[in-house]
Amino acid sequence: MKTRVLPLLACLLAASLPAAVPTPESYFGHPIGADRTVLDWEKVVGYFQLLAKSSDRIRVEELGKTAEGRPFIAATIAERETLRRLDRYIALQGRLADPRKTTPEEAEPLFAEGKTVVLLTCSIHATEIASTHTAVEYAYRLLTEDTPHNRAILHDDILILVPSLNPDGVDIVTQWYRRTLDTPYEGSNPPWLYHKYVGHDNNRDWYIFSQPETRLTISKLHNVWHPEIVYDVHQMGANAARLFVPPWLDPTEPNIDPILMQEMNMMGTAMAAAETAAGKTGVAIHGVYDFWTPSRHYQAFHAGLRLLTESASAKIASPITLTADQISATALGYNPRERSWNYLEPWMGGTWRLRDIIDYQLIAWDACLYNAAIHRDELLRNFYKVGQRQIARTEPWGFVISSHQRDPGATRKMLETLRFGQVEIGRGADGSAVIPMHQPYSGWAKALLERQKYPEDRLYPGGPPKRPYDVTANTLPLLMGVDSQAVEQAVPFSGVWEPAPPVEGPLLPAADTDSWVAVNKAWTAGHSVWRDPATGDFSLTARDGWKEVRRPRVALYQSWTANMDEGWTRWLLEQFGFAYTTVHNKDIQAGGLREKFDVVVVPDQSAGSLENGAHNLPEEYTGGLGPTGADALKAFAQAGGTLVFLNNASDYAIAHLGIQAKTVTPRGGRDFEGGGDRPTSGSSEFYSPGSLLNATIDTHSRLAYGVPSQIAIWSEQSPAWDTQLPVVARYPDSGVLASGWLVGEKVIAGKAALIDAPIGSGHAILFGMRPQYRAQSYLTFKLFFNALVE
């Protein structure tokens, strides 16, 4: 009898246990990181779901959908008992995140009970494919390999692993890579953006929250879990270090707590030490990347560490071979060819594979999570202490945003954006919004509401300006045209500020929600709106009575050079209800544009790129507008059409359409990411590396409806002009800088920043700015929208 019972019990026990955890190779059909192999997002999601079915130490949740409708997932990994009590740990984190709720005495047992919460995010930039592969392998190893490090990580950490912050991009790059395998274009970047709208700028969305992936990450992870560490995994250019880890370069944003900066230094050097101990060379610290803009550092303003690694890239998944003389001789903060304190073992060439990137990342991930585990107690205590220091802030007492604003729509948007980032906003007796600094995220509010004073930073005394990693200004009131005042004395307030219902024009029915929403949103500044139910056209009140507004027929030019500015323009048009048609080189070259369109918009792109296009892609994606395209655009304007050129695209209008304006700024366009092979400095003559500049508006121009006479505009090494043509925006003779950093004010003082040039019966409008900059510049949206309508 006994012999029969034992097999039966064994069968029952086996049936109740999870299935064996599948290996990545058995699931994907190849070893992770094998040369010339890429992953489909559907398969990645399927693998994590299979892990969750096979192990009781991982849970996988779909947080929502991406811009293109793919599942956006996060995997939570920890000991079985920890996963069973996740609600308890979320509540514990919330109590530590706000010291007003928890006294120091009450916090003591929470320090003992709590776990270090680590949010680890992958492949937001989809051509940087390795980290999604690493996520697959690391999750498998953590769940199956019984090592001292893994035991400590599972016991003392809660890992929230996001296999990709950009799932759409995973598939975009995978499909392009497979399409170009065994061709001369193998390993090239796609000729379109690797995100539906914003491409590389998806990692600049962390304070305006415009994209669904950003909003899901903030609302479902950051603001729920309040992680002590957020580790974002990237890749960089191939010709310098093999890996960057913190410490960061100067400058660091002054509203970030020094405790966090020191802990980031500690964690970064621990990760670097782990790489060196494992025999990995080419590890750089304190180089290339500064810590200034909040568009990349949400968690550092919310009491957590923001860690970054940047690995040298291969050609997507194809190996590369570099010789010693191909290693860059310069990089910010170190020389890639020489040994130094922050680059101890230079990597001087060889073959570099996707698998190499994964190996370096696996070491860095293990070091980060192991150090998070062994430093659990001090990380939790300092997390709480940072909150205490934030609520003790006294300079200023706070900010007041008056209820009497020129643009109530932009004001509401700004306040809702701050509140989405967990800023507490009270309501003053007069209806104003009151933001006291005595709250856990006062540094976040202050960084976004005050004017930035970027430090004068030169490569050497008297030398050229040292290039910031990203932009230098992020003042939301200037970007949105909102009056905001810092106050030193307490302002009485009660309750919580709530937005008023959207204001409809007196003759626009509230139920008409499918109408042209741009009219409601774009001209909120004192204009009433009326829609003709028969024609669908609109009228709006202007200075001298009603003006008819006909729905414009908009063409948006899209080159075969992936262009973030084009993507942001698409996003803006869709958000504000403008219908548009995407046109390519052949569409413009075919002519007859005036019969189809009223406006042609050419986004920010260099004149040479517009004229000649790309040449390192398959033939159907090569070439630019050429002489035929220029002739077609000129004919369109002469027949009454409006051409709109944004930022550097204005150079094309001057060079190829005969616009009579002289560019006074040195040209060079925008800086893009690339690690050690990026330029290290800007022009000593003129440098405006993402700054807000004061400008005076000609309010008599049709482009100025709803725009005040004095505004701040976005300048990212943007053009300015000498011209006799009608000028709509002009820089002042002095005091040009509003926020950020500007070298060479005299170069643009008194010069034109927005031109409305007649061509035949039409116009060419040249913007010396990006009026739709990263979905932030609500004030100058109006200038752009006015350019689209007659």
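Rules and cut-offs
Residues numbered from 1 in each chain as written. Predicted model: local features only at pLDDT ≥ 70, side-chain atom pairs only at ≥ 80, totals over all residues. Heavy atoms only, no water. Pairing = 2+ DSSP bridges. Helix = DSSP H or I, 4+ residues; strand = E, 2+ residues; numbered from the N terminus. Axes fitted to C-alpha atoms, helices over the stretch in contact; angles between N-to-C directions. pLDDT = per-residue confidence, 0-100. Contact = heavy atoms within 4.5 Å. Buried < 20%, exposed > 50% of the residue type's maximum accessible area, 1.4 Å probe, protein only. Core = buried A, V, L, I, M, F, W, Y, C linked by side-chain atoms within 4.5 Å. Parallel < 35°, antiparallel > 145°, perpendicular 65-115°, else oblique. Left-handed = near helix turned anticlockwise from the far one by under 90°. Phe/Tyr/Trp six-rings, centres within 6.5 Å; stacked < 30°, edge-to-face > 60°. Lys NZ or Arg CZ within 6 Å of the ring centre and 35° of its normal. Polar contact = N/O pair within 3.5 Å; in protein donor to acceptor, adjacent residues only side chain to side chain.

*Asks:* For the sheet that holds strand β17 (residues 493–496), give the residues involved together with the corresponding values.
*Replies:* Read across the open sheet, the five strands follow the order β16-β13-β15-β14-β17; overall the sheet is antiparallel. In this open sheet, the two edge strands, each paired with only one partner strand, are β16 (484–487) and β17. Neighbour-to-neighbour, the strand axes of the sheet open up by a mean angle of 35°, direction not taken into account. With four bridges joining them, strand β13 (residues 398–401) and strand β15 (residues 433–436) adopt antiparallel strand pairing. Residue pairing for β15: Ile 401 is matched across the bridge by Ala 433.

*Asks:* Just give me the short version of the confidence of the model for the protein, but keep the residues and values in it.
*Replies:* Chain-level pLDDT for the protein is 91 on average; 90% of the residues reach the 70-or-more range. Residue range residues 541–546 is modelled with pLDDT below 50. Its contacts to residues more than four positions away, or to other chains, number 17 contacts.

*Asks:* Break down helix α15 (residues 442–449) for me, citing the residues and quoting the values.
*Replies:* For α15, the buried fraction is high: eight of the eight residues fall into the buried class. All buried positions along α15 are accounted for by Ser 442, Gly 443, Trp 444, Ala 445, Lys 446, Ala 447, Leu 448 and Leu 449. In the core, the buried residues of α15 are packed alongside α13 (376–391), β13, α14 (408–420), β15, α16 (476–480) and β16.

*Asks:* Please set out the nonpolar core residue by residue, giving values where relevant.
*Replies:* Across soluble globular proteins, nonpolar side chains have a tendency to be buried as a group. Among the nonpolar cores identified, the biggest contains 205 residues, and Phe 48, Ile 229, Tyr 231, Trp 365 and Ile 435 are the most heavily contacted of them. Among the elements that make up this core, the one with the highest residue count is helix α12 (residues 354–374) (11 residues). If sequence neighbours within four positions are ignored, Phe 48 has contacts with Ile 58, Val 60, Ile 73, Ala 75, Ala 135, Val 136, Ala 139, Leu 161 and Pro 163. Ranked by size, the runner-up nonpolar core spans 33 residues in total, among them Ala 555, Leu 625, Tyr 652 and Trp 721.

*Asks:* Go over unusual backbone geometry with me, naming the residues and quoting the values.
*Replies:* Backbone phi values are negative for most residues with the exception of glycine, while trans is the configuration of most peptide bonds. For the peptide bond that leads from Pro 246 to Pro 247, omega is 15°, which places it in the cis range. Position of Pro 247 relative to the elements: it lies in the loop between β6 (243–245) and β7 (249–252). For Ala 303, which is not a glycine, the phi torsion comes out positive at approximately 75°. Checked against the element boundaries, Ala 303 lands in the loop between β9 (290–291) and β10 (305–312). The class for Ala 303 is buried, based on a relative accessible area of 10%. The backbone phi angle of Gln 717 is positive, close to 55°, even though this residue is not glycine. Assignment of secondary structure puts Gln 717 in the loop between β27 (710–716) and β28 (721–723). Relative accessible area serves as the criterion here: at 10%, Gln 717 is assigned to the buried category.

*Asks:* Can you tell me about the packing of helix α8 (residues 148–156) against α12, naming the residues and giving the values?
*Replies:* Contact pair α8 / α12: the axes reach a minimum separation of 8 Å and the direction vectors enclose 55°. The orientation of α8 relative to α12 falls into the category oblique. For the crossing formed where α8 meets α12, the hand is left-handed. Along the contact surface, α8 presents His 149, Asn 150, Ala 152, Ile 153 and Asp 156, while α12 presents Asp 366, Leu 369, Tyr 370 and Ala 373.

*Asks:* So what's going on with the sheet that holds β6? Which residues, and what values?
*Replies:* Strands belonging to one sheet form pairs held by backbone hydrogen bonds; the direction of such a pair is parallel or antiparallel. The strand order across the open sheet built from eight strands is β1-β2-β4-β3-β5-β10-β6-β8, with neighbouring strands paired in mixed fashion. The sheet is open, and its two borders are formed by β1 (58–65) and β8 (283–285), each paired with just one other strand. Each neighbouring strand pair of the sheet contributes to a mean axis angle of 20°, computed without reference to strand direction. Of the strand pairs in this sheet, strand β5 (residues 229–236) and β10 are connected by eight bridges, and their pairing is parallel. Note on β10: the bridge partner recorded for Gln 235 is Ser 311.

*Asks:* Before we move on, can you summarise the environment of Ile 711 with the specific residues and values?
*Replies:* Tracing the sequence through the fold places Ile 711 in strand β27. Since its relative accessible area comes to 4%, Ile 711 is described here as buried. As a C-alpha pair, Ile 711 and Thr 780 span 69 residues in sequence and 8.6 Å in three-dimensional space.

*Asks:* Which residues make up the side chain of Thr 127, and what are the values?
*Replies:* Assignment of secondary structure puts Thr 127 in the loop between β3 (116–121) and α7 (130–144). Classification of Thr 127 as buried rests on a relative accessible area of 16%. With near-sequence residues (within four places) excluded, Thr 127 lies in contact with Val 173, Asn 189, Pro 190, Tyr 194, Gln 235 and Ile 316.

*Asks:* How would you explain the pairing of β15 if you had to name every residue and give the values?
*Replies:* In β15, alternate side chains face the same way, and those of Ala 433 and Ile 435 on one face and Val 434 and Pro 436 on the other are all buried. In this sheet, β15 lies alongside strand β14 (residues 426–428) in antiparallel orientation, the contact comprising two bridges. The partner of Arg 427 across the bridge, within β15, is Ala 433. Hairpin connection from β14 to β15: four residues lie between these consecutive antiparallel strands, with Gly 431 at a positive phi of about 90°.

*Asks:* I'd love a proper account of the packing of aromatic side chains, names of residues and values included.
*Replies:* A complete count under the given rule lists 35 aromatic pairs for this structure. Centre to centre, the rings of Tyr 298 and Trp 444 are 5.1 Å apart; their planes meet at 75°, and the pair counts as edge-to-face. With a gap of 146 residues between them, Tyr 298 in the loop between β9 and β10 and Trp 444 in helix α15 connect regions that are remote in the sequence. Aromatic pair Trp 714 and Tyr 773: ring centres 3.8 Å apart, planes at 15°, arrangement stacked. You can see Trp 714 sitting in strand β27 and its partner Tyr 773 sitting in the loop between β32 (762–767) and α25 (778–788), a full 59 residues away along the chain. In terms of burial, Trp 714 and Tyr 773 fall into one category: buried. Three or more aromatic residues joined by ring pairs make a cluster, and in this case those are Phe 576, Phe 578, Tyr 778, Phe 781, Phe 784 and Phe 785. In this structure, Lys 43 is placed above the aromatic ring of Tyr 27, and the distance from its NZ or CZ to the ring centre is 4.2 Å. Above the ring of Trp 352, the side-chain terminus of Arg 242 is found at 4.7 Å from the ring centroid.

*Asks:* Help me get a handle on the side chain of Asn 255, residues and values and all.
*Replies:* For Asn 255, the location among the structural elements is in the loop between β7 and α11 (258–277). For Asn 255, a relative accessible area of 5% puts it in the buried group. Those residues within four positions of Asn 255 in sequence are excluded, and the remaining contacts are Phe 301, Gln 390, Arg 393, Gly 443, Lys 446, Ala 447 and Glu 450.

*Asks:* Which residues make up the environment of Glu 424, and what values do they have?
*Replies:* Position of Glu 424 among the secondary structure elements: in the loop between α14 and β14. Glu 424 sits in the partly exposed class, given a relative accessible area of 36%. For Glu 424, the contacting residues outside a window of four places in its chain are Asp 98, Arg 100, Val 434, Ile 435, Pro 436, Gln 439 and Pro 440. Of the polar contacts made by the side chain of Glu 424, one reaches the side chain of Arg 100; its length is 2.4 Å.

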